[in-house]
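# A closer look at the structure
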Amino acid sequence: MGQNSANLKKCRGRPQIRPDEETVRLIIQAAAAEFQANGFAAATMGNVAQRAGISTKTMYRLIPNKADLFKHVMSERIGRFMLEADAEIQDTQDLVTSLEHMLVAFGSLTLEKEAINLIRLVIAESDRFPELAATFHNVAVVQSSEALLRWLKRQCQRGLVKVDDPVQAISALRGMMTMELQRSAMLGLAEVPTPEIIKARAKFCARLFLDGCRVDQRDQL
């Protein structure tokens, strides 16, 4: 009885405070849902706070405005891709598997339903809110391109591929992987690609790309 009383006393008191990092994750998830549901202009900080289950005071303390909210949403998505693009992971795989892995990650980043909706939002509202286009370009386009470019340059340094203009090559590879699928989904002409379609596309694009730039090891002898 005495021990149970002591345990009850320990449980009483202030509830455990949620770390800010966890709260920010909830805010980002809520903001992504709010932007997709209502667009950028109609989205409100109060609605995001309500979706996240927090007070508006906490909301403004952690993320002060909608522009920052949108940047956090984009950064969270690109962060997942950057983890998949980690150099140490890629260098443990053969060339074809490594590129397929990169392209599947890139396809998931750009072709998932949430990504399609965010791109539609940027296109629809960038005239009124040019910061959206700038954020999308700097966070999503630039960072994903740089990750793919680093991969290609590593393969060149390893003597596995030869490319005269790596920047142009990556631009072409990005377009081949996603442009047609993305455009069809955005225009409502096709469904958002499934993971299976993204994997099949990555496999096709990887082999087509490497057939054009892979170094024949026999030529190195």
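Residues numbered from 1 in each chain as written. Predicted model: local features only at pLDDT ≥ 70, side-chain atom pairs only at ≥ 80, totals over all residues. Heavy atoms only, no water.

## With respect to the packing of helix α8 (residues 113-125) against helix α9 (residues 130-157)
- Viewed as axis vectors pointing N to C, α8 and α9 meet at an angle of 140°, and their least axial separation amounts to 8 Å. The angle between α8 and α9 places the two elements in the oblique class. At the point where α8 passes α9, the crossing takes the left-handed sense. Side by side, α8 and α9 meet where Ile 119, Leu 121, Val 122 and Glu 125 of the first sit next to Leu 132, Ala 133 and Phe 136 of the second.
- Here the contact of α8 with α9 is composed, by residue class, of six nonpolar, no polar and one charged. (Axes fitted to C-alpha atoms, helices over the stretch in contact; angles between N-to-C directions. Helix = DSSP H or I, 4+ residues; strand = E, 2+ residues; numbered from the N terminus. Parallel < 35°, antiparallel > 145°, perpendicular 65-115°, else oblique. Left-handed = near helix turned anticlockwise from the far one by under 90°. Contact = heavy atoms within 4.5 Å. Nonpolar A, V, L, I, M, F, W, Y, C, P; charged D, E, K, R; others polar.)

## Things to note about the environment of Ala 30
- With respect to the helices, strands and loops of the structure, Ala 30 is situated in helix α2 (residues 20-42).
- Along the primary structure Ala 30 and Val 73 are separated by 43 residues, whereas in three dimensions their C-alpha atoms are 9.4 Å apart.
- Sequence-distant contacts of Ala 30, defined by excluding residues within four places in its chain, comprise Val 48, Arg 51 and Ala 52.

## Here we look at the pattern of salt bridges
- Taken as a whole, this structure holds nine salt bridges when the rule is applied.
- Measuring nitrogen to oxygen at the nearest pair gives 2.8 Å for the salt bridge that ties Glu 34 to Arg 51. With Glu 34 in helix α2 and Arg 51 in helix α3 (residues 45-52), the pair connects residues that are 17 residues apart, well separated along the chain.
- Exposure remark for Glu 34: the relative accessible area of 1% places this residue in the buried category.
- Here the salt bridges share partners, and the residues they tie into one network are Arg 77, Glu 112 and Glu 114. (Salt bridge = Lys/Arg side-chain N within 4 Å of Asp/Glu carboxyl O. Buried < 20%, exposed > 50% of the residue type's maximum accessible area, 1.4 Å probe, protein only.)

Don't take any of this as a statement about function, it's just geometry.
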